[in-house]
Amino acid sequence: MIKLSFKYLNFSFKSCHRCIHVRCIHFHFGNSSQSKLDCNRALNELSKLSRINEARKLFDKMSERDEFTWNTMIAAYANSGKLTEAMVLFKDTPMKSSVTWNSLISGYCRRGMEIEAFDLFWGMQFEGQRPNQYTMGSILRLCSTLGLLQRGKQVHGYVIKTQFESNDYVVTGLVDMYAKCNCILEAEYLFKMMPDTKNHVMWTAMVAGYSQNGEAFKAIECYRDMVVEGVECNQFTFPSVLTACAAVQAGNFGAQVHGCIIRSGFEANVFVQSALVDMYAKCRDLDSAMRVLENMEVDDVVSWNSMIVGCVRQGCEEEALSLFQKMHARDMKLDDFTYPSVLNCFASMKDMKNAMSVQCLIVKTGFQAYKLVNNALVDMYAKQGNLDCAFQVFNHMPNKDVVSWTSLVTGYAHNGRHEAALKLFCDMRIAGICPDHIVLASILSACSELTILEFGQQVHANFVKSGLQSSISVDNSLVTMYARCGCIEEASRVFDSMQIQDVITWTALIVGYAQNGKGKDSVRFYDQMIASGTKPDFITFIGLLFACSHAGLWESGRFYFASMEKVYGIKPGPEHYACMIDLLGRSGKLVEAETLLYQMDVEPDATVWKALLAACRVHGNLELGERAAKNLFELEPTNAVPYIMLSNMYSASGKWEDAARIRRMMKSRGITKEPGFSWIEINGKVHSFMSEDRGHPRTADIYTKIDEIMLLIKEAGYVPEISFALHNTDEEGKELGLAYHSEKLAIAFGLLNVPLGAPIRIFKNLRVCGDCHTAVKYISRVFLRHIILRDSNCFHHFKQGHCSCGDYW
DNA sequence: ATAGGGTTAG
């Protein structure tokens, strides 16, 4: 027996039945003895088959027309989008009933013609015709497809006034309208206020509403309730619940739904099938997805697109490309979703050649006119790192939407062009585009990278004001942003406000506390995370071990390090070893550190050797230090730090000749030390300072302030640590050199400009020098200031003469 | 003769 999809089954039954009938009428065309009743029936059949011209011929031939005749013809025109013709007849018709009005209104609503539809809606009332459930159904559908919330609310008011608020059709329309306008709470309220006898369409609208509003779990729950209530599910219900399953990777539940689908007999519907393919593909069950796809009667482009996306997400780019080729071979009609799906392959494969040829294909087939396709091109080029191409495509787009902008913004951010990303984000706002979750998460992570708190706060404020629903990705970015800007309390507040925390949220907090010198809190949060049932990942352990090493918790560190592979099956990477070596080095266990290094399964990278070199310097182990430095010379040939460290180590042990040799070697290799500078942001403007910098317009004030600072902190007990001065001058010169270090200049400027009570936030590109660290502790006590200094390694919170790093950094 | 719900992209 031939399997027919339901969609076609329904249609073919009806058309078959009608064909015969209509053909018969057609045969008798022109026979004036035809009764009015028969003509009306034929007119109706022709209109249902969209045979408008024939319908019109029949209409014109009819000598006797009644209300039904006129309404059918008007509806026929309206339903096929021929609104001018419908309007002409509407004006001519001798009798306008509510059906006449509704037929015309329905036509305008279907075409999305808001102004005309509402003119008619008010017009009919003006002429004494009351809108009924049909009218409101049409109008609400218009509001929901166009997202016209204000209009929708107006209609809602009208519904209440005219006491349609318990009408199934009207309430379903309202639920759908609110859901489509992203007002899921209103939709939910209306739905819940209806009595328990809700019909299946309203249930389905609610399931779909939740699913489309990113409330996948609620959609699933609603579907469950629907099943429990014994309400029938159909070809509309299943796609919605399957989308929800796909969104939260609820593959097992999705498979159960699949079972229900088979029992209900809807498995032959293309919408259901394509949703199944998509669900399985997104739940990483490519085999099941493929099985559904292969069993389909028709080559459905949506299902194929979903399959391609699924393959790309699983890293099976070759498979995705071969599907794309098969689509061509099967002569399938591609749509504007196909190219975005397949372009993703090239983004992850960095395959420029094939990308170009697909772009040619896009141009050739006229698909460059589609926004979706252009957005995907922008995204692909940006992800490949080809920002010029991305920008070019972007620039040529006539109407850019939030996705176009997001693709470009994210592209710049991913390629380390954070400032450019921020600039583009501002341009986007100026262009009047409302940000969405994705661009917000992306821009907040750019703020984290640049540690620009004020901008991040503004984005946060805008997000709150926008009324966008909170999303885990935005919240995670907020936690990270605040933590990385040194506002650990704020990060913590966002964390607490979240309904669900995932491994990324927890990790952001753990890393955040560690970077802000609160390693013990990090460990506490890690234990809480485990207790909450969240599994740690590779990055969680980097944060955790970093926390242990900075807090000097070497036993905990060793315990957690051992649990990584044993309990969670995560193989430690060089990052974890580096933390452990740092931890052991700090505790003076240099031998253990070296042993650990040689036990590594993976090749030690620069971070590992750096940790060892730092440990060697602290403990004066020259021999091991030499080895570490030599490895670093090879691994990071342009990095001056290992040269300087080794040279300093030689100097410290009196080996002047060796020290000089390393300096010469460094010079001859053309390696220069990265110049240190510090900066501070005041009212959105960044003021940066080099050591002994006199370029700032307020230099005189700043240097006067430094003198005052030095005087006061010396009185409080500060003694300059001359060993940190680099220049070969006399003692006094060295002391002055120290006083004008970039971080001290920035702090002096901060003291002059930041109001009392507000923290002074300083940034430094390198590690803070030891003398400055001591001085800032005194400054915080003498000037009663909270000073937050972010250096290349971590945050230092100076308060009342103490630093959060515990003098260990 | 007129009304309500569904799949794929960043």
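Residues numbered from 1 in each chain as written. Chains lettered and ligands numbered in written order. Predicted model: local features only at pLDDT ≥ 70, side-chain atom pairs only at ≥ 80, totals over all residues. Heavy atoms only, no water.

Under the annotation held in an unreviewed UniProt entry, chain A carries the name Pentatricopeptide repeat-containing protein At2g03880, mitochondrial and is attributed to Durio zibethinus. Under Sequence similarities (unreviewed entry), UniProt gives the following word-for-word description of chain A: "Belongs to the PPR family. PCMP-H subfamily." (UniProt positions renumbered as here; feature names shortened; annotations may be inferred.)

S.K.: Lay out the overall build of chain A in plain terms, naming residues and giving numbers.
M.R.: Counting its regular elements, chain A contains 43 helices and 6 strands. Along the longest, intermediate and shortest principal axes, the C-alpha atoms of chain A span 125 × 55 × 50 Å. Counting only residues that meet the buried cut, chain A has 50% of its 809 residues in that class. The contacts in chain A between residues at least 6 apart in sequence include a share of 61% that link residues at least 24 apart. Each charge sign in chain A was given a centre, from 83 positive and 87 negative side chains, and these centres are 3 Å apart. (Helix = DSSP H or I, 4+ residues; strand = E, 2+ residues; numbered from the N terminus. Buried < 20%, exposed > 50% of the residue type's maximum accessible area, 1.4 Å probe, protein only. Contact = heavy atoms within 4.5 Å. Lys, Arg positive; Asp, Glu negative; His and termini not counted. Charge placed at Lys NZ, Arg CZ, Asp CG, Glu CD.)

S.K.: Describe the state of the cysteines, naming the residues involved and giving the relevant values.
M.R.: Defined simply, a disulfide is a covalent bond joining two cysteines at their sulfur atoms. Evaluated as defined, the whole model comprises 0 disulfides. Cys143 carries a free sulfur, and the closest cysteine sulfur to it, the one in Cys181, is 7.2 Å from it. Counting only cysteine sulfurs, Cys447 is the nearest neighbor of Cys426, a cysteine outside any disulfide, at a range of 9.4 Å. (Disulfide = S-S within 2.5 Å.)

S.K.: Break down the packing of helix 21 (residues 352-364) against helix 22 (residues 371-383) for me, with residues and values.
M.R.: Two numbers describe how helix 21 lies on helix 22: the axes approach to 12 Å, and their chain directions differ by 165 degrees. By the angle between their axes, helix 21 is roughly antiparallel relative to helix 22. Read as a crossing pair, helix 21 and helix 22 show a hand that is left-handed. Contacts between helix 21 and helix 22 involve Met352, Ala355, Met356, Gln359 and Ile362 from the former and Val373, Leu377, Met380 and Tyr381 from the latter. Looking at the contact of helix 21 with helix 22 residue by residue, the class counts come to 8 nonpolar, 1 polar and no charged. (Axes fitted to C-alpha atoms, helices over the stretch in contact; angles between N-to-C directions. Parallel < 35°, antiparallel > 145°, perpendicular 65-115°, else oblique. Left-handed = near helix turned anticlockwise from the far one by under 90°. Nonpolar A, V, L, I, M, F, W, Y, C, P; charged D, E, K, R; others polar.)

S.K.: Would you mind going over helix 16 (residues 270-282) in detail, with residue names and values included?
M.R.: Over its 13 residues, helix 16 runs 18 Å from end to end, which matches the ideal 18 Å to within 8%, given 1.5 Å per residue. Most of helix 16 sits inside the fold, with 11 of its 13 residues counted as buried. By the burial criterion, the buried members of helix 16 are Val270, Val272, Gln273, Ser274, Ala275, Leu276, Val277, Asp278, Met279, Tyr280 and Ala281. Directly after helix 16, the chain includes Arg284, whose backbone phi takes a positive value near 65 degrees. (Expected span 1.5 Å × (residues − 1).)

S.K.: Got a sec to walk through the pairing of strand 1 (residues 677-682)? Specific residues and values, please.
M.R.: For strand 1 and strand 2 (residues 685-690), the ladder comprises 6 bridges, and the chain directions are antiparallel. By the bridge assignment for strand 2, Ile682 is matched with Lys685. If you look at the hairpin formed by strand 1 and strand 2, you'll find 2 residues sitting between the two strands, and Asn683 has a positive phi there, around 50 degrees. The sheet contact formed by strand 1 and strand 3 (residues 760-764) spans 3 bridges and is antiparallel. Residue pairing in the sheet places Ser678 in a bridge with Lys764 of strand 3. (Pairing = 2+ DSSP bridges.)

S.K.: Please give an account of the packing of aromatic side chains that cites residues and values.
M.R.: Counted by the stated rule, this structure contains 28 aromatic pairs. A ring pair is formed by Phe121 and Tyr158, whose centres lie 5.5 Å apart and whose planes are at 70 degrees; its orientation type is edge-to-face. Taken together, the residues Phe121 in helix 7 (residues 114-126) and Tyr158 in helix 9 (residues 149-161) connect sequence positions 37 residues apart. Residue Phe121 shares its accessibility class with Tyr158, and that shared class is buried. (Phe/Tyr/Trp six-rings, centres within 6.5 Å; stacked < 30°, edge-to-face > 60°.)

S.K.: Describe in detail the protein's contact with DNA strand B, supporting the description with residues and values.
M.R.: Surrounding DNA strand B, one finds 55 residues, the nearest of these being Asn44, Asn71, Arg110, Ser274 and Leu372. Counted by atom, the contact set of DNA strand B within 4 Å of the protein is 39% sugar and phosphate. In the model, a base nitrogen of DNA strand B is placed 3.1 Å from a nitrogen or oxygen of the Tyr169 side chain. One of the side-chain nitrogen or oxygen atoms of Asn199 is found 2.6 Å away from a base nitrogen of DNA strand B. (Near = heavy atom within 4 Å. Polar contact = N/O pair within 3.5 Å; in protein donor to acceptor, adjacent residues only side chain to side chain.)

S.K.: Give me the lowdown on the domain arrangement of chain A, citing residues and values where you can.
M.R.: Domain boundaries in chain A define domain 1 (574-673) and domain 2 (688-803). Relative to domain 2, the C-alpha centre of domain 1 lies at a distance of 29 Å. (Domains from an automatic or database assignment.)

S.K.: I'd like to hear about the pattern of salt bridges, residue by residue, with values.
M.R.: Applying the stated criterion across every chain yields a total of 29 salt bridges. Here Lys371 ties to Asp401 by a salt bridge, and the two come within 3.9 Å at their closest N and O atoms. Here Lys371, found in helix 22, pairs with Asp401, found in the loop between helix 23 (387-396) and helix 24 (402-414); they are 30 residues apart in sequence, far enough to count as distant. Among the salt bridges present, the one from Lys764 reaches Glu743, with a minimum N-O distance of 3.1 Å. Within this pair, whereas Lys764 is found in strand 3, its partner Glu743 is found in helix 42 (residues 742-753), the two being separated by 21 residues in sequence. A residue is classified by how much of its surface remains accessible, and Lys764, at 8% relative accessible area, is buried. (Salt bridge = Lys/Arg side-chain N within 4 Å of Asp/Glu carboxyl O.)

S.K.: Tell me what's going on with a negative patch on the surface, and back it up with residues and numbers.
M.R.: Taken together, the side chains of Asp196, Glu221, Asp225 and Glu229 make up a negatively charged region of the molecular surface. Within the secondary structure, Asp196 sits in the loop between helix 11 (184-193) and helix 12 (200-212). (Patch = residues over 30% accessible without salt bridge, like charges linked within 9 Å, V, L, I, M, F, W, Y side chains within 5 Å. Areas by Shrake-Rupley, 256 points an atom, 1.4 Å probe, with all protein chains shown as cover.)

S.K.: Provide a residue-level description of the sheet that holds strand 6 (residues 802-803), including the pertinent values.
M.R.: Across the sheet, 6 strands lie side by side as 2-1-3-4-5-6; this open sheet has mixed pairing. Where the open sheet ends on each side, the last strands, each with one partner, are strand 2 and strand 6.

S.K.: Before we move on, could you go through the environment of Gln392 and cite the residues and values that matter?
M.R.: Looking at where Gln392 falls in the secondary structure, it is placed in helix 23. Under the relative-accessibility criterion, Gln392 is labelled partly exposed at 47%. In this structure the C-alpha to C-alpha distance between Gln392 and Val378, which are 14 residues apart in sequence, comes to 8.3 Å.

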